[in-house]
Amino acid sequence: MTSVPTAVHDEQHAEAQEQPPITMFGPDFPYAYDDYLAHPAGLGSVPAARHGTEVAVIGGGLSGIVAAYELMKMGLKPVVHEADRIGGRLRTVGFEGCDAELTAEMGAMRFPPSSTAFRHYVDLVGLETRPFPNPLAPDTPSTVVDLKGETHYARTVEDLPEVYTQVMNAWNACLEEGADFSAMQHALRERDVRKVREIWSRLVEKLDNQTFYGFLCDSAAFSSFRHREIFGQVGFGTGGWDTDFPNSILEILRVVYTGADDDHRGIVGGSQQLPLRLWEREPRKLVHWPYGTSLSALHGGHPRPAVTRLHRTAGNRITVTDAGGDIRTYEAAIFTAQSWMLLSKIDCDDSLFPIDHWTAMERTHYMESSKLFVPVDRPFWLDKDEDTGRDVMSMTLTDRMTRGTYLLDNGPDEPAVICLSYTWCDDSLKWLPLNANERMEVMLKSLSEIYPKVDIRKHIIGNPVTVSWENEPYFMGAFKANLPGHYRYQRRLFTHFMQDRLPEDKRGIFLAGDDISWTAGWAEGAVQTALNAVWGVMHHFGGATDATNPGPGDAYESIAPVELPED
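Residues numbered from 1 in each chain as written. Predicted model: local features only at pLDDT ≥ 70, side-chain atom pairs only at ≥ 80, totals over all residues. Heavy atoms only, no water.

It is worth spelling out the overall build of the protein at this point. Helices and strands together make up the secondary structure of the protein, namely 18 helices and 21 strands. In terms of C-alpha radius of gyration, the protein reaches 24 Å, essentially the compact-globule figure of 24 Å for 567 residues. With the C-alpha coordinates of the protein rotated into their principal frame, the extents come out at 75 × 55 × 40 Å. Within the protein, the fraction of its 567 residues that count as buried is 60%. Put simply, of all contacts in the protein between residues at least 6 apart along the chain, 74% involve residues at least 24 apart. Per element, the accessible surface of the protein, about 21,800 Å² overall, is 48% carbon and sulfur. Separation of charge centres in the protein, based on 52 positive and 80 negative side chains, amounts to 3 Å. (Helix = DSSP H or I, 4+ residues; strand = E, 2+ residues; numbered from the N terminus. Rg over C-alpha atoms; globule rule 2.2 N^0.38 Å. Buried < 20%, exposed > 50% of the residue type's maximum accessible area, 1.4 Å probe, protein only. Contact = heavy atoms within 4.5 Å. Areas by Shrake-Rupley, 256 points an atom, 1.4 Å probe, with all protein chains shown as cover. Lys, Arg positive; Asp, Glu negative; His and termini not counted. Charge placed at Lys NZ, Arg CZ, Asp CG, Glu CD.)

Quick look at the structure:
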């Protein structure tokens, strides 16, 4: 996901280091998922009579694998269905044509430290992380900002023309004046539920119908069109913001409040290792199953095929038909794939969900996204220009077709990877008719105009790899991004795990996945909604959490998301 200027951090970084860390604790549902996961009492239990009961888990992305892993630990038997490959949008691929062990992150590639529930699983399976080279980040050697044909080289924001500092300051002022930024961040750091809810309730009522661009225009700090244009096309942090301008400002505030835009890290060897390692992991503590049990072992090594039909049968059971023609019936199921799949790729009964939930799924808005990577022989971009002494190439933000170019090295003289282009929405759609090699040619032309002395092509050692998530048959988009007026729809989907409030004939199937979360596009949201669904299944089967470690459903009444009037 894109990010934002970090001027607030420039002035307050030292102070922030002495405060509690910022985490994705709310603002919509201020529940401490990281504490829930870390508690020695565990996530809860189901009655012994339920041990071994099968639960369908539809989708083998991070949310599905986390849910299945935790259900298995409780003594239930998850049955995972996956249409493509384990990992979902944690998709790591290699390159054809070269023997170097290089990888490209086609989906999620950078994670903020505030993703503490996600980090729980990263640490659990022993993955290593390292700083991600975002523009102007401390570990990024250099950044080039190229706008309207003018190119500026920088190591810090102070190296850029004054107008960029003005844009940065305008954004900070806009956040402070329009969204109580400092007060909310302080409340999130302190996990002050009352204050978080007080600020956020007021802002949800005030801003639900406001676009990101409208929020900027309403601020005196952004009265200049030039400043808004620069902010949209280039921005700071991880790039420009113009593709998000039509989205609800509430979506953006969730990101900046929780520090999701800052200090990103990548997973060494690729993010797909996380769900794959959880799939193979043998938990040290589990109920009912013998020591040495893993999700892989329960499935004979492979998940079941894609689901083609979902319908209700007698007793409010959920009956699942898969691509192999197998038909199985379950008392409970968790659906973790993108919700549009229920509208198009899977034959569904209307009776699966209340009509208001179907409406919310239909109204879900997904962002398009494209990437293209190439393998190169070495990090040549660190070579120095004879005339200027600067790096010959840098992490690049531009208004040209490439928009964002990231340089990913593995050490001096080791083979490396370039993400030639990372684009969103309309910019992504511009690439859609082109194949990988055609895309590469356009990208190389754009970059040659920024770096006329650099011959990128001579360093390429294998074939490019590309993705357009809007064209992936089991995704149809990169991730959800709510439009103005969508808060009520989002609330219905997120709170679906609280099924005591649903009619009895609408219970038993639980929604999860990052598009159900308040922070779509972030792996943290996938984990949080998986844990909600696990609590929901446990409760559905008559189980409960330990009194010393209440789950998200136990705490729900005191921290429920703001409920806007429907009339």
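Ordered in space as E11-E10-E9-E13, the four strands form an open sheet in which the pairing is mixed. Across the chains shown, the open sheet's two edge strands, defined by having one partner strand only, are strand E11 (327–330) and strand E13 (347–348). In this structure, strand E9 (residues 307–313) lies alongside strand E10 (residues 317–322), joined through six bridges in antiparallel fashion. Across the sheet, residue Arg-312 finds its bridge partner in E10, namely Ile-318. (Pairing = 2+ DSSP bridges.)

All right, on to the pattern of salt bridges then. Enumeration according to the criterion identifies 38 salt bridges in this entry. Note that Lys-453 and Asp-387 form a salt bridge whose closest N and O atoms lie 3.0 Å from each other. Of this pair, Lys-453 sits in the loop between helix H15 (436–450) and strand E19 (465–468) while Asp-387 sits in the loop between strand E15 (369–376) and strand E16 (395–398), and the two are 66 residues apart along the sequence. Ionic pairing is found between Lys-430 and Asp-427, a salt bridge with its closest N-O pair at 2.9 Å. Here Lys-430 and its partner Asp-427 are both found in helix H14 (residues 425–431), three residues apart, which amounts to about one turn of the helix. Look at Lys-430 and you get partly exposed, because its relative accessible area is 46%. Linked by salt bridges that have partners in common, Glu-54, Lys-77, Arg-304, Asp-322, Asp-326 and Arg-328 make up one network. (Salt bridge = Lys/Arg side-chain N within 4 Å of Asp/Glu carboxyl O.)

With that settled, consider helix H4 (residues 116–124). Inspection of H4 places Ala-117, Phe-118, Tyr-121 and Val-122 among the buried residues, and these make up the whole buried set. All buried residues of H4 project into a common sector of 150° when viewed along the axis, lining one side. Count one or two residues on from H4 and you reach Gly-126, which has phi positive near 75°. (Arc of directions from axis to C-beta.)

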